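Okay, here's what each chain looks like letter by letter:
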Amino acid sequence: MPKKPKRRAGRHSPKTAALSPDAREHKARADLNAGHFRDAITGFKELLKLEQRQDWQSALADAYAGRARELNAKGMVKEALVMWDNRARLGAASALHPEHAALLMRTGGVDRVLALFSNDCALPAEAREPLRPLLAAHVIAGDERIAGLLPMDDPVRRHADAARDALAAYCAGDDEALKSALAALPFRSPYRDWVQLLKALQLAADRPDEAGAQLARIGDESAFAPLRLAAQIALLPDDAFLEATTGAGEATLRFACALRGWSPARVALHQELNHLDAEAKPRSMLRVLYRHRAELGEDWVRQQVLRLMAVDFPDRLEWLPSEGARTLAEAEFYQVGAWSAELDDDPWEPFHYWSLLARTLMGAAPSDDDPLYRLRVATALRACERHRNLLQELEPSDDPDDLSLQLAAQLEESLEWDPDDRETYLRLIDHYREGKRLKDVRRLLARASELWPRDMSILTASFHAALDSGAFKKAAGVAHTMLDIDPINTGVRERLVDALLAHARKQLAKGRPDLARKEVTDAADWARSGHARERTELTLGLIQLREDSAAGATLLHATVASIGGGLDGRVALALAADGLDISQQSLQKRAKLPKPAVKGPDDLLAVLHRLRGHLDRGGQLSRDLTDWLDKTLVTMPWKDLDRQQMESACDTLRRCDLHNSRLRAARAALKQWHGMPVFELHAFEAEYPDGYTGYSELPLVRLRNAMDRARAEGDNRTALRLENALRAANPFGGASPFGSLPPPMFLDGTFDDDDDDDDDFFDGLFPDMSPGSLPARLPSQSGPAGDELEQVVQLIRIVGLDKAFEIMGLPPKLRREMKALEREVGEDAITDVLLQFLTASAGLGDDSSGPPPRKPPRRGPATAKRKRRETDDPDDDDDQLSLF
Amino acid sequence: MRNPYLILGIDDDADDAVVETAYLDGIKRCPPERDAERFAALRQAYELLRTQRRRVTYAMYHGEPPETADILDKAAPIGAPRRPDAATIGALLRGEE
């Protein structure tokens, strides 16, 4: 028979006995404070053998209590009770602790607690007080004996009937009786927490917050704490409730579930689901679903099973036969495939599955007239586009292999199955407008307008379509309809004014100033905002100016003066004149306008606000106006604006392509806010609007520093813009190959820019030979530079100089200069020059000094071409790339 | 994502009127000031199901696997809150958790 293992030796080694009493006391107290209750008990017991000191007895009592709690927490109730008993035996000073009493009552030792309340007991009254709620709780719990054994005047006995009545009334739902029973329990009663609890439970259903606050008044040491905890669990939100019930005892669970309206069946199912193995949960859930399919319903279970199959599709399908489920039908297979494919980034996969699902549904038609069936087909046809808003993302295309074209075709087809989906019309109309397919826009608008003649989004689309095709009169008509429906819609009013003014411009261009004046007068009737009225008055003045310079000039002077007489009024006039194709020089001359001057920061801010409004309304600026504005604004007192105004100003100037003014403003800002990333960006972009053509690294270093600072400051948007600017300026990804070399003698920087690269053919041939991908393939100091240079020469010969320049990321200006030189000295000579540059770059470039290579910037919205199939020519991409 | 039919407490073949009634009943029981989370869930469920077009779209586009709470709600829906019985309360007061 195996022997019971000996108890672990305590922390008190034989050496401890040799210690002085002070040292032993110090050690025992340290054990007590550290929660080493067993060692503390041993230590203080030994000390008490030396001397019966009161403080040591008290410390031993604390150690027993600590150990008892430890054991109780582990569920070792009997052992805990022994510890409490040991504590109680230490004497009157360690009188029955309420926790000891609670444990006694739980384990049937009620009599021992009751004995403390007999007249013979020397237990002082204040020591009895904390024990009374324990007895009170047991009285309510149905222990009839307790009240009878207590003295007549004991409050536990005196209030017992009211407390029990309260319980009965609560359980019976008799709130009136409950109220009167609770009223019979005084505040200082041992049943006080019971009163709080019942009041909270009454509120639980309708006012859970108040109930929670009421429950919070019951302390953790209270005899009613277990009931309070159960009630608190019942008040938790769903997720927390489910979590809390996982570790709760049976009575707690029953109590909480009753308060929440949970049935025993629900609790049982919840426990079953909670015990599912986390790793195998999908499969376990499948089993549970089939096991409970009678309660859940066959159809519902099938739908959920399909959803469980969507992850790891189609691998999970093999679970079905083993779980007794039927395999997927064709439509189910495509549906699950589509759900699964939607988890992927590639839009072609879901397109494929949704298309197959739609075709399958079409083929399995119960009846062509069934509206639900038709709707399902249409919904499947729309699914791929709708899930990702692909038509908004993709560029319109005429390529039959292009996804946008196929999606648009599917949406068109969906309208044959379900012509009542307004959203589909709007998506298609937007897409066709983007692709300038005005005929299709008009066709769809005609159908949509028939179905929803007074729908604002359809009317808005009609309005924009009319403007797109220059049908300003029609646009005005649509805007009138919109205002009939929504007379206080200021946006529509503005649009109507714009449409009428656009129509006036058209009439003026046709040589009909009379009709133009009528349109402007109509526009003035609709204009409500200050800017709209100013635009109409200025346009009238300009029409007058064409017919009678003096009268027109007077009118215009008056209008400009009414706008403030400063730069804002002058810019308003310039914008109105630009709309009528009147050059600024001609306007200046005919209207005899003074030199524009700003009246202060407010005037300047008003100008910027006006320009923003003009651009927001879709207005454009002619080259003539841009030049005039740039020349005018460059001298403005930019330093008078605060930081936010300056940021906004730079952004407006960027939108207007006013590079000189933007540069001046950004530099003024940098003087005040040194190195501020956003102004560094504006300064750089304004200085090099056509791409960086400098030879110095300094601007790029400034840009990099600004990017680092923006990142450090958490300004991710500016950091990203700076990164894009750097990438565009430094396509080699490291130090510029020209950075360490003197500029070539033939480059004097006097050529104009014209970006004339149209190498789509090569784009198709070399999709990954973009500037960002080049550095990895360029010769390096450690690589076989000669061989790679030879490959580059071959590449240049294959693709031609134009494409090679583009791949190298040469700015258009340099490219043009190279081409000019090529015409003079021949292609071979230029190729040699190019190779010299590359050789120098290979020898002098240091990848570690610059930012790491990055992906090339995107040229525009993503277009999704059909994936290459196995039958495609394998030479198309990779083999060509290997030339590098 | 929770199953909107179960949030509203309606069958899968519910029509527009049933959906609306369930939604109105739900928000009457759980106005936003009382249970904002529940109210938001009811609102979202209603938006997903309020027309036949939306219900078909939900059925076809939402392929999320069921949540535990969905299965519970379907098999044993939550009933009206009840007051616990005296025996349960007594057990808790005696320390029988």
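Just so it is clear, the model here is predicted, and its values are computed rather than measured.

Caption draft 1: Up close: the overall build of chain A. Broken down by element type, chain A carries 50 helices and zero strands. Of the contacts formed within chain A by residues at least 6 apart in sequence, a portion of 58% connects residues at least 24 apart. Of the accessible surface of chain A, which amounts to about 44,700 Å², a share of 50% is contributed by carbon and sulfur atoms.

Caption draft 2: Structural detail: the interface of chain A and chain B. In this complex, chain A contributes 69 residues to the contact, which on the side of chain B involves 46 residues. When the two sides are added together, the surface that chain A and chain B hide from each other amounts to roughly 5,000 Å², 63% of it contributed by carbon and sulfur. On the chain A side of the contact with chain B, A:Arg266, A:Trp300 and A:Arg307 bury the most area, a combined 15% of that side's loss. Residues A:Asp175 and B:Arg83 are paired through a salt bridge, measuring 2.9 Å at the closest nitrogen-oxygen approach. Counting the contacts that link chain A with chain B gives 20 residue pairs in polar contact (both at pLDDT 80 or more). Looking at the side of chain A that touches chain B, its residues break down into 40 nonpolar, twelve polar and 17 charged.

Caption draft 3: Main features of the nonpolar core. Ranked by size, the top nonpolar core spans 151 residues in total, and within it A:Tyr191 and A:Trp194 carry the most contacts. Those residues in contact with A:Trp194, other than ones at most four positions away along the chain, are A:Ile140, A:Ala163, A:Ala166, A:Leu167, A:Leu185, A:Phe224, A:Leu227, B:Ile89 and B:Leu93. In this structure, A:Ala479, A:Ile543, A:Ala576 and A:Leu580 belong to the second largest nonpolar core, which totals 39 residues.

Caption draft 4: Quick look at the environment of A:Arg535. All names here are of chain A. Its location among the elements puts Arg 535 in helix α35 (residues 530–547). The class of Arg 535 is buried, set by a relative accessible area of 15%. Spatially, the C-alpha atoms of Arg 535 and Leu 573 are 8.0 Å apart, while their sequence positions differ by 38 residues. Setting aside residues up to four positions removed in sequence, Arg 535 forms contacts with Glu 494, Val 497, Asp 498, Leu 501 and Arg 617.

Caption draft 5: Spatial organisation of the pattern of salt bridges. Under the criterion given, the structure shown has 59 salt bridges over all chains. For A:Arg53, the salt bridge goes to A:Asp55, with nearest N and O atoms at 2.8 Å. Put simply, B:Asp73 and B:Arg2 hold a salt bridge, and the shortest N to O gap is 2.5 Å. Residue B:Asp73 is found in helix α5 (residues 68–75), and its partner B:Arg2 is found in the segment before α1 (4–8); the two are separated by 71 residues along the sequence. Among the charged side chains, a network of salt bridges with common partners joins A:Arg382, A:Arg386, A:Asp418, A:Asp421 and B:Arg53.

Caption draft 6: Highlighting unusual backbone geometry. All names here are of chain A. The linkage connecting Phe 313 with the following residue, Pro 314, adopts the cis geometry, with an omega of 5°. Within the secondary structure, Pro 314 sits in the loop between α22 (298–309) and α23 (319–322). Even without being a glycine, Asp 312 presents a positive backbone phi close to 55°. Structurally, Asp 312 is set in the loop between α22 and α23. Classification of Asp 312 as partly exposed rests on a relative accessible area of 48%. Of note in this structure, Asp 657 is not a glycine but carries a positive phi near 60°. Along the chain, Asp 657 falls in the loop between α41 (643–655) and α42 (659–672). Among the residues examined, Asp 657 registers a relative accessible area of 45% and is labelled partly exposed.

Caption draft 7: Highlighting the packing of helix α36 (residues 549–563) of chain A against helix α37 (residues 567–579) of chain A. Residues and elements named next belong to chain A. With their axes 7 Å apart at the nearest point, α36 and α37 run at an angle of 130° to one another. The angle between α36 and α37 places the two elements in the oblique class. In this structure, α36 crosses over α37, and the sense of that crossing is right-handed. Residue-level inspection shows Leu 556, Val 560 and Ile 563 of α36 in contact with α37, the latter providing Asp 568, Gly 569, Arg 570, Ala 572 and Leu 573.

Caption draft 8: Inspection of the confidence of the model for chain A at higher detail. Residue and element names in this part refer to chain A. Per-residue pLDDT for chain A averages 79, and the proportion of residues at 70 or more is 80%. When mean pLDDT is taken per element in chain A, helix α24 (residues 330–342) scores highest with 94 and helix α46 (residues 760–765) scores lowest with 35. A low-confidence stretch, residues 733–785 stays under pLDDT 50, and its non-local contacts, those more than four residues away or across chains, total 97 contacts. Confidence over residues 843–884 falls short of pLDDT 50; this stretch has 71 contacts with residues more than four positions distant or in other chains.

Rules of the game
Residues numbered from 1 in each chain as written. Chains lettered and ligands numbered in written order. Predicted model: local features only at pLDDT ≥ 70, side-chain atom pairs only at ≥ 80, totals over all residues. Heavy atoms only, no water. Helix = DSSP H or I, 4+ residues; strand = E, 2+ residues; numbered from the N terminus. Contact = heavy atoms within 4.5 Å. Areas by Shrake-Rupley, 256 points an atom, 1.4 Å probe, with all protein chains shown as cover. Buried area = accessible area lost by both parts, 1.4 Å probe. Salt bridge = Lys/Arg side-chain N within 4 Å of Asp/Glu carboxyl O. Polar contact = N/O pair within 3.5 Å; in protein donor to acceptor, adjacent residues only side chain to side chain. Nonpolar A, V, L, I, M, F, W, Y, C, P; charged D, E, K, R; others polar. Core = buried A, V, L, I, M, F, W, Y, C linked by side-chain atoms within 4.5 Å. Buried < 20%, exposed > 50% of the residue type's maximum accessible area, 1.4 Å probe, protein only. Axes fitted to C-alpha atoms, helices over the stretch in contact; angles between N-to-C directions. Parallel < 35°, antiparallel > 145°, perpendicular 65-115°, else oblique. Left-handed = near helix turned anticlockwise from the far one by under 90°. pLDDT = per-residue confidence, 0-100.

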